[in-house]
Amino acid sequence: MSNNSASAGSRTSAAGNAFIALALLWLAGAGLRLTILAPPPVISFIHDDLGLSETQIGLLSGIPAALFACAAVPGSLLIARFGALSTLVIGLLVTAAGSALRGAAPSAAWLYAATAVTGLGVAFMQPAMPSLVRAWSPKRIAFATAVYINGLLMGEVLPVALTLSLVLPLVGSWRWDFVVWGVACALIAVLMLAFSPSSDVPASSAPRKWWPDWRNTLVWRLGIMMGCVNATYFSTNFFIPRFLHAIGHAGVTGPALTALNLGQIPASILLLMFGRGLERRAWPYVVGGLLCLVAVSAIVSGNDLMVVVGAAGVGFASAIVLILMLALPPQLAEADDVHRTTSAMLTIGYSCAVIVPVFSGLAWDMTGHPVMAFAPIILCALLLIAIAATTCRRLETVTASLARAGLSSHQ
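Residues numbered from 1 in each chain as written. Predicted model: local features only at pLDDT ≥ 70, side-chain atom pairs only at ≥ 80, totals over all residues. Heavy atoms only, no water.

**Q** I'd like to hear about the overall build of the chain, residue by residue, with values.
**A** Scanning the chain from terminus to terminus reveals 16 helices and zero strands. The 411 residues of the chain split such that 55% are buried. Intrachain contacts of the chain at a sequence separation of at least 6 include 85% that bridge at least 24 residues. If you sum the accessible surface of the chain, you get close to 16,300 Å²; carbon and sulfur atoms cover 69% of it. (Helix = DSSP H or I, 4+ residues; strand = E, 2+ residues; numbered from the N terminus. Buried < 20%, exposed > 50% of the residue type's maximum accessible area, 1.4 Å probe, protein only. Contact = heavy atoms within 4.5 Å. Areas by Shrake-Rupley, 256 points an atom, 1.4 Å probe, with all protein chains shown as cover.)

**Q** If you had to explain the pattern of salt bridges to someone new, which residues and values would you point to?
**A** Note that side chains of opposite charge can pair when their charged atoms are close. Scanning all chains against the criterion turns up one salt bridge. The salt bridge involving R175 is made with D49; its shortest N-O contact spans 3.6 Å. Of this pair, R175 sits in helix α8 (residues 174-195) while D49 sits in helix α2 (residues 39-50), and the two are 126 residues apart along the sequence. A relative accessible area of 45% means that D49 is categorised as partly exposed. (Salt bridge = Lys/Arg side-chain N within 4 Å of Asp/Glu carboxyl O.)

**Q** For the environment of L22, give the residues involved together with the corresponding values.
**A** You can see L22 is positioned in helix α1 (residues 2-31). Given a relative accessible area of 15%, L22 falls into the buried group. If sequence neighbours within four positions are ignored, L22 has contacts with R140, F143, A144 and V147.

**Q** Which residues make up the packing of aromatic side chains, and what values do they have?
**A** Taken as a whole, this structure holds eight aromatic pairs when the rule is applied. Ring centres of W174 and F178 lie 5.8 Å apart, and the angle between their planes is 80°; this geometry places the pair in the edge-to-face category. Pair noted here: W174 and F178 are both in helix α8, with a separation of four residues, about one helical turn. Consider the rings of W214 and W220, whose centres lie 6.0 Å apart with planes at 55°: the pair is tilted. On the basis of relative accessible area, W220 is assigned to the partly exposed category, the value being 38%. Through a chain of ring-to-ring contacts, three or more aromatic side chains come together here, namely F68, Y233, F234 and Y350. The ring of F178 has R102 lying over it, and the distance from NZ or CZ to the ring centre is 4.5 Å. (Phe/Tyr/Trp six-rings, centres within 6.5 Å; stacked < 30°, edge-to-face > 60°. Lys NZ or Arg CZ within 6 Å of the ring centre and 35° of its normal.)

**Q** How would you summarise empty space enclosed by the protein if you had to cite specific residues and measurements?
**A** Evaluated as defined, the whole model comprises three cavities of 30 Å³ or more. The volume enclosed by the largest cavity comes to roughly 100 Å³. Around the largest cavity, the lining residues are L32, R33, Q126, P130, Y148, L152, L322, L326, T342, L346 and Y350. Going through the elements one at a time, α7 (141-171), α13 (304-326) and α15 (338-367) are the ones with two or more residues in the lining of the largest cavity. At three residues, α15 tops the list of elements feeding residues into the lining of the largest cavity. Per-class residue counts for the lining of the largest cavity are eight nonpolar, two polar and one charged. Of the volumes computed, that of the second largest cavity is approximately 70 Å³. Taken together, R33, E156, V229, N230, Y233, F234, Q264, S318, A319, L322 and Y350 make up the full set of residues lining the second largest cavity. Those elements giving two or more residues to the lining of the second largest cavity turn out to be α9 (217-246) and α13. Ranked by the residues each element gives to the lining of the second largest cavity, the list is headed by α9, at four residues. (1 Å grid on protein atoms, 1.4 Å probe; cavity = no way out; pocket = protein on both sides within 12 Å on 5 of 7 lines; lining within 4 Å. Points joined across faces, edges and corners; volume = space filled by probe spheres on them. Nonpolar A, V, L, I, M, F, W, Y, C, P; charged D, E, K, R; others polar.)

**Q** Quick one: what's the story with α8, residue by residue and with numbers?
**A** With 22 residues, α8 ought to run about 32 Å at 1.5 Å a step, and its terminal C-alpha atoms sit 32 Å apart, in line with that. Taken together, the buried positions of α8 are occupied by W174, D177, F178, W181, G182, C185, I188, A189 and M192. The arc that holds the buried residues of α8, viewed along the axis, is 135°, so those residues lie on one side. In α8, the exposed residues that point more than 90 degrees away from the buried face are W176, L187, V190, L193 and A194. (Expected span 1.5 Å × (residues − 1). Arc of directions from axis to C-beta.)

**Q** Quick rundown of helix α6 (residues 128-136)? Include the residues and the values.
**A** Taken across its nine residues, α6 has eight buried, putting it largely inside the fold. Taken as a whole, α6 has its buried residues at A128, M129, P130, S131, L132, V133, A135 and W136.

As structure tokens, then:
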């Protein structure tokens, strides 16, 4: 009886630890986006308060992506030196501080600098997530990855869904709104330190290699594909509010942004149920690009219902492609090199995403037509389709070869 009781207690403890690990992964995923998607709902208030031009709005939207690109490799170095959990907590605290500083911005320059700090923290966190998934849930890597990606998607939805309807009426200012989302990230950091499983990746056993293999042309192609979808998502988030305000339909901003971000949730559920192996095929990426083209056409029509439907379509298509891309690094590298491959794809992908919102703002300012802000987004969708059609056959060959060699046995 005592042995049975001990065995039952051990199983209960293991189940409890597994639940805690998954809950923390979900929270960490949410922390990746809570502060990044805080500006779009209040962007018109910021525009009026600080006197920003449309080009400056585009620059503001591109700053986080720039930091994601520039600091992904330093994030890989932090993981190699201090471990994944420590890197994640550092990133959460840096992000929280940056968000609070945005709320105190007296000028555009201050706002840009604080936004850069916010993006820096997130850039540190992103390469840490695959390592924590492997450490905390080694027997259910695919499921744990889906959990943290779901948290990431909800971290994109919550700010746009709650800011105008709940947070802003409570705090009364876009400045305090930024503080609220920064505090949320700080609380997640505290929970990570208090409840993290003991099986973290410690600094002593962290992978020593951290510099990505920039000679891998396949990773460059995949990074550009990621850049196309990231640019589409971030640019649409920032320019839907401004576009609707310019055409006199500002009242649709809340529903459109909510649809854009909620549209990602069905995508994550569908891929969790039916997505095995899709990341190595061309047609999901091609369909995603085509759906983006149709959805953007619906947005620029200016019809309220079509704007909301089109926004949801952009969110759905963007999520499909992003989730498939995030599933690739474990299949393209050995276990100790996953963080290096991830950081390379993030660096390339977000470098591509930086310039598109700026070009969107320039296109608007130079032509005087709000609809032109979406022209660069359409070009991104076309580029995604072209690269996917010429890349995924090689991707299937590489991943199949690695699987035969036993490097993707965790799939």
